[in-house]
Amino acid sequence: MVTITNLHKKFGKNIVLSGIDLNINEGGIFAILGPNGSGKTTLIKSILGMVIPNKGTITVMGENIKHNSAYRNKIDYLPQIANFPSNLKVKELITMIKDLRGRTSEDEYLINHFKLEPFLNKKLGTLSGGTKQKVNIVLTFMFDCPLIILDEPTAGLDPISLIRLKEIIKIEKDKGKTILITSHIMSFVEEISDEIVFILEGKIHFKGTIAKLKKNTNQPNFEHAIASILIDNHA
Amino acid sequence: MKKGVVLLITFLIFLAFNVSAETIVVCSSCKISSIKTAISIAKDHDTILIKKGIYKEYDIVVNKPLSIIGENLPIIDGELKGEIFTIISNNVVIDGLHIINVGSSYTKDYAAIRVKRSRNFVIQNVILEKLFFGIYLEKARDGKILNNKIIGNAVIEHSSGNGIQLWYSKNIVIENNFIQQVRDGIYLEFSDNCIIKNNVSANNLRYGLHFMFSNHDDYINNTFENNGAGVAVMFSKHIKMLNNTFKKNWGSASYGLLLKEINDAEIIGNLFEENTIGINIEGTNRITYKNNNFIRNGWALKVRGACYANSFISNNFLYNSFDVSYNSKLNDNIFDNNYWSNYTGYDLDKDGVGDVPYRPVKLFSYIVNRTPETIILLRSLFIDIIDFSEKVSPVFTPDNLMDNRPSIKKIKW
Amino acid sequence: MLKILKYSFYDLIRSRWSYVYFMFYLMLGIVLLFLNTDLSKAVITLMNVIIVLVPLIGTVFGVMYYYSSKEFTELLLAQPLKRSSIFLGQYLGVALSLTMSLIIGLGIPFVFYGLFKSNAIWDFSLLLITGAFLTFIFTALAFNIAISNENKIKGFGYAILLWLFLAVIYDGVFLMFLIVFEDYPLDKLSLFGIMLNPIDLSRTLILLKLDISALLGYTGAVFKKFFGTNFGLIVSTIMLSVWVILPVLRIVYISKKKDF
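What you see is a predicted model; the values in this text were computed from it and never measured. (Residues numbered from 1 in each chain as written. Chains lettered and ligands numbered in written order. Predicted model: local features only at pLDDT ≥ 70, side-chain atom pairs only at ≥ 80, totals over all residues.)

## Remarks on the overall build of chain A
The condition that has to hold: Numbering of helices and strands runs from the N terminus; a helix is a DSSP stretch of H or I covering at least four residues, while a strand is a stretch of E covering at least two. Once C-beta atoms have been placed from the backbone, residue pairs whose C-beta atoms lie within 7 Å are recorded as contacts.
Within chain A, the secondary structure is distributed over 8 helices and 10 strands. Its C-alpha atoms give chain A principal-axis dimensions of roughly 55 × 40 × 35 Å. For chain A, contacts bridging at least 24 residues in sequence account for 70% of all contacts bridging at least 6.

## Observations concerning the overall build of chain C
Heads up, the condition is: As defined in this context, the radius of gyration uses C-alpha atoms, and a globule is described by 2.2 Å times the residue total to the power 0.38. Exposure classification rests on a simple neighbour count of other C-beta atoms within 10 Å of a residue's own: a residue reaching 20 or more is buried, one at 12 or fewer is exposed, and one in between is partly exposed. C-beta atoms are placed from the backbone.
For chain C, the count of helices and strands is 12 helices and 0 strands. By the compact-globule yardstick of 18 Å for 260 residues, chain C fits well, its C-alpha radius of gyration being 20 Å. When the 260 residues of chain C are sorted by exposure, 49% land in the buried category. When contacts within chain C are restricted to residue pairs at least 6 apart in sequence, those whose partners lie at least 24 apart make up 83%.

## Describing the interface of chain A and chain C
Going by this rule: Each residue receives one of three labels: charged for Asp, Glu, Lys and Arg, nonpolar for Ala, Val, Leu, Ile, Met, Phe, Trp, Tyr, Cys and Pro, and polar for the others, Gly being one of them.
Counting residues at the interface gives 23 residues for chain A, matched by 19 residues for chain C. Residue assignment for the side of chain A that touches chain C shows that the elements contributing at least two residues are α1 (40-48) and α2 (90-101) of chain A. Looking at side-chain class alone, the side of chain A that touches chain C contains 15 nonpolar, 4 polar and 4 charged residues.

## Looking at the sheet that holds strand β37 (residues 322-326) of chain B
All names here are of chain B. What counts, and what does not: Here, strands pair whenever DSSP counts at least two bridges between them. Here the axes come from fitting lines to C-alpha atoms, over the contacting stretch only for helices, and the angles between their N-to-C directions go from 0 to 180 degrees.
Read across the sheet, 12 strands follow the order β4-β7-β10-β13-β16-β19-β22-β25-β28-β31-β34-β37 without closing on themselves; strand pairing throughout is parallel. Here the strands that pair on one side only, and so sit at the sheet edges, are β4 (60-62) and β37. Taking each pair of neighbouring strands and ignoring which way they run, the sheet shows an average axis angle of 10°. Note: strand β34 (residues 299-303) against β37, 4 bridges, orientation parallel. Looking at the pairing, lysine 302 lines up with serine 325 of β37.

## Side note on unusual backbone geometry
All names here are of chain B. In this model, arginine 117 sits at a positive phi of 45°, which is unusual for a non-glycine residue. With respect to the secondary-structure elements, arginine 117 resides in the loop between β10 (111-116) and β11 (122-124). In the Ramachandran plot, asparagine 176 falls in the positive-phi region, its phi being about 55° despite a non-glycine side chain. Note on placement: asparagine 176 falls in the loop between β17 (173-175) and β18 (178-180). C-beta crowding within 10 Å serves as the criterion here: with 16 such atoms nearby, asparagine 176 is assigned to the partly exposed category.

## Looking at the packing of helix α5 (residues 83-113) of chain C against helix α12 (residues 231-257) of chain C
All names here are of chain C. Threshold: Each angle gets one of four labels, with under 35 degrees taken as roughly parallel, over 145 as roughly antiparallel, 65 to 115 as roughly perpendicular, and the rest as oblique. By convention, the crossing between two helices is left-handed when the near helix turns anticlockwise from the far helix through less than a right angle, and right-handed when the turn is clockwise.
In the contact formed by α5 and α12, the axes pass within 9 Å of each other and the chain directions differ by 140°. Relative to α12, α5 is oriented oblique. Relative to α12, α5 is oriented so that their crossing is right-handed. Residues Arg83, Ser84, Phe87, Leu88 and Tyr91 of α5 form the contact with α12, whose participating residues are Val248, Ile251, Val252, Ser255 and Lys256.

## Overview of the pairing of strand β2 (residues 47-50) of chain B
All names here are of chain B. As a reminder, the rule being used: Look down the strands so they point away from you; if going from the first strand over the helix to the second traces a clockwise path, that crossover is right-handed.
A one-sided burial pattern is seen for β2, the buried positions being Ile48 and Ile50 and the unburied ones Thr47 and Leu49. Pairing of strand β1 (residues 23-26) with β2 involves 4 bridges; the strand directions are parallel. In the strand pairing of β2, threonine 23 is matched with threonine 47. Taken together, β1, helix α2 (residues 35-41) and β2 constitute a β-α-β crossover, and its handedness is right-handed.

## Brief notes about the sheet that holds strand β9 (residues 195-200) of chain A
Strand-to-strand pairing in sheets goes through backbone hydrogen bonds, with the strands running parallel or antiparallel. Residue and element names in this part refer to chain A. Spatially, 6 strands are ordered β6-β7-β8-β3-β9-β10 in an open sheet, and the strand pairing comes out mixed. Each edge of the open sheet is held by one strand with a lone partner, namely β6 (75-78) and β10 (203-208). Each strand axis lies, on average, 15° off the axis of its neighbour in the sheet, ignoring direction. Sheet topology places strand β3 (residues 28-33) next to strand β8 (residues 178-182); 5 bridges connect them, and they run parallel. Residue pairing across strands places isoleucine 32 opposite threonine 182, the latter belonging to β8. Lying over the sheet, α1 contacts β3, β6, β7 (147-151), β8 and β9, oriented at roughly 145° with respect to β7.

## Notes on the interface of chain B and chain C
Each side of the interface is counted separately: chain B has 29 residues, and chain C has 29 residues. Here the side of chain B that touches chain C gets 3 residues from one element, more than from any other, and that element is helix α4 (residues 381-392) of chain B.

## Concerning the arrangement of the chains
No other pair among the 2 pairs of chains in contact exceeds the contact count of chains B and C. One thing to see here is that chain A and chain B don't touch, and their nearest C-alpha atoms sit 36 Å from each other.

## Topic: helix α2 (residues 16-34) of chain C
Residue and element names in this part refer to chain C. Formally: By this rule, a helix spans an expected 1.5 Å times one less than how many residues it contains. Here the arc refers to the directions that run from the helix axis out to each C-beta atom.
End to end, α2 covers 26 Å across 19 residues, agreeing with the expected 27 Å (1.5 Å per residue, within 8%). Buried within α2 we find Ser18, Tyr21, Phe22, Tyr25, Gly29, Leu32 and Leu33. Viewed end-on, α2 has its buried residues packed into an arc of 105°, placing them on one side of the element. In α2, the exposed residues that point more than 90 degrees away from the buried face are Arg16, Val20, Met23, Met27 and Phe34. The elements touched by buried residues of α2 are α1 (2-13), α3 (39-68) and α5.

## Points about the confidence of the model for chain C
As a note on interpretation, predicted positions should not be read in detail where pLDDT is low. The criterion, for reference: For every residue, the predictor states its confidence as a pLDDT score lying anywhere from 0 to 100.
Looking at chain C as a whole, its pLDDT mean stands at 86, while 98% of the residues score no less than 70. Confidence estimates for the predicted assembly give a pTM of 0.82 and an ipTM of 0.87.

## Digging into the environment of C:Glu71
All names here are of chain C. Residue position: glutamate 71 is located in helix α4 (residues 70-77). Judged by the 17 C-beta atoms lying within 10 Å of it, glutamate 71 falls in the partly exposed class. Expressed as a C-alpha distance, the spacing of glutamate 71 and valine 52, which sit 19 residues apart in the sequence, is 31 Å.

## Observations concerning helix α4 (residues 129-141) of chain A
Note that an α-helix has 3.6 residues per turn; residues three or four places apart therefore point the same way. Residue and element names in this part refer to chain A. With 13 residues, α4 extends 19 Å from end C-alpha to end C-alpha; this agrees with the ideal 18 Å at 1.5 Å per step. Here α4 lies mainly inside the structure; 11 of its 13 residues are buried. What α4 keeps buried is the set Thr131, Lys132, Gln133, Lys134, Val135, Asn136, Ile137, Val138, Leu139, Thr140 and Phe141. Where α4 is buried, its residues touch β6, α2, α3 (106-113) and α5 (159-174).

## Some thoughts on the packing of α3(C) against α5(C)
All names here are of chain C. Axis separation between α3 and α5 bottoms out at 10 Å; the angle between their running directions is 140°. For the element pair α3 and α5, the recorded crossing hand is right-handed. Every residue of α5 that contacts α3 at Val54, Ile57, Gly58, Phe61, Gly62 and Tyr65 is listed here: Val94, Leu98 and Leu102. Partitioned by chemical class, the residues of the contact of α3 with α5 number 7 nonpolar, 2 polar and no charged.

## Re the confidence of the model for chain A
Summing up the model confidence of chain A, the mean pLDDT is 84 and the portion of residues at 70 or higher is 98%. Put simply, helix α8 (residues 222-234) of chain A is where chain A has its lowest mean pLDDT, 81, and β8(A) is where it has its highest, 90.

## So, the environment of B:Ile383
With respect to the element layout, B:Ile383 can be found in helix α4. With 21 C-beta atoms counted inside 10 Å, the residue B:Ile383 sits in the buried group. Counting along the chain gives 226 residues from B:Ile383 to B:Glu157, while the straight-line C-alpha distance between them is 38 Å. Each residue touching B:Ile383, except ones within four places of it in the same chain, is listed here: B:Phe364, B:Leu377, B:Leu378 and C:Asp171.

Below, the structure is given as structure tokens:
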């Protein structure tokens, strides 16, 4: 699905990614973990073509993404912070994204699912953070793409919406899609992901299932397993 | 008895006049086909009637009082050989001729019509084309030049002549003439008491109208457009300049009106529009400028120094790039109750007079005088800022040069 | 690109600031014309406003829009869209909505005043064209600054500095330069200096209309050719277009290399 070879990226003098090799197979939920500043978001953004790597190649579904924009037709992306043009109404934003990407009818179902009907005619500038995130989620799942990338999808969501989000992720997974998630909430990751990648200081330190991680680190608990990787590396 | 004698004399005079004032007809198929022949056989006070046609003649000397009248504008073609008419007698009338191809020379000022030491002449309805000098008055008096059209083709200043030239002449009326593309449209040298009225002088190489050492002349209601400079008045006194229009005299040494060493003149009711310099003033004293309109000139007034006791009263200064420029810090002239479109003051007491004096000289005009290229910074915000600071505390511009009673509304008269 | 342009444009023409800008020009036009009743004077005042204020507003608005729509831009970047179309679309959206506010805001009072019957229509059209050029140029410059500076405060600072430099300081330095080197032939150089500053260029374009009498007072042959014929008008217009094109090309160029 996504193949990354020898990816390097630095911002100024600050080396963020140094030699990432990663192969993400089709199907399943894939979590990218790591402490703040470890390069998670940079990695995701590299896949999306928003960050331009200094070195290395990325292919998505067999296509090299360099100087390419069409491949993004096959990706749904949920950005970390959703801030939309404040003068647009929710309805208009949805129409606009549809206009940019092509027709879909999923939006009605999703709007209903997240109970967004009362907000459709409100301007985006007047919405609360949580509602914005819901709109964000609707926009992401509206299209039927084989690859879904979610950057901190749980931010600002109320418990009910969180449950609904999980439902949707499950549904998409069952359709055989590949889902890439970053999150700080370990319980969320543990609950939904099939495989994790742990990044530290721009390098991959672990790739595999949670069970394998627990075994490798001899920790019964996922959070502790993660913590032990960190302690080992800093010790 | 006395009455009878008067009647008899009147009758005799009438008879004599009738008898002597014959009309001689000239045409190509007539008995007399040349103007020269006609003049030679004519008696005093005869009329020579020239029919339509082309007459190739030059050096025609009019030596007796005659009326030479053209019918339907006969063409007198000088074939570039020399002067065409030379009038050396009093009481000559020339009317309705079309004179072309005057000879040109570097040594002699050939003219289409020259009047020499004569009085009481009238030159009217004449068209002059392809000329060197047009109408040249030499020590002539009491004549009239009316309704003529002088169309030159001058290109270089030193090899071309003037449209109407007066030299040591007096009491001449020049009215309703149209003059274009000669060196000076009208040139007066040592000529006094002349009236120049309702003429149009345009596209001339040097000046539309030019005074040298001439006094007590009036020019009224004339239009001067697109000349090297509109009007030049030099070394003259008591000239009245009323209700003229000076327009589009553009160029580096181009003025609507150039005043040099002149005293006691009146400049009233004129319009100066779109000239590079409206009036260029140098060495003038006691001149009154009143009720003139200065519209969209580069410089409305450029004062070059040695100007004393001039007064600028109730004029309109509208949208000039510079209203007034001075080249010194001294000022002995009065500006009063003018309307300045650049005035930004207010009139709180509503008496029609601005409560803050107006300073018409901008600092930037000094800079441009010094470094002419800086003109391209005109209307730049930076320039506005330095002009403003100069306005608040004058350093370079004359302290007392201001209009203390600037009008709030455009002045009407 | 057109889709982005459409949405940016809709977004902007509904924003409060567009109305403020529009109302400002509307009021300005009304005040100038109906309280003054002197068309020539109104055109001169307008010129002063246009060459100073339009660049400032273009700059500030451009930077502001870029920063405030940053997250939205990121959303767009994840869509199957070319980077150049995203940024050019946004740029054109801002520039067009500003230009529209300017033209309609000033146009309405002038049309009501009976502009079409007056001779000033050419002066006025030239003013609006110049205003449009300046909006496009300075919005493009603002986008350049904003794209190159992640830090909002810095970006704003640079933008204001750029405006201050081009509107005031440049002319000051230029003037000093001309005075210091006044003994040398300067006419070519001074025209060249004008070309390097879009505000000066537009000012020159307007001077050609308003102050041609004064400009022709200078003797230099190059000046004469520039101001005395259509040469100046043509060259200035071409240069203004270059001033639009270059920053726009740079937007495309740096947007391709930038990380978000």
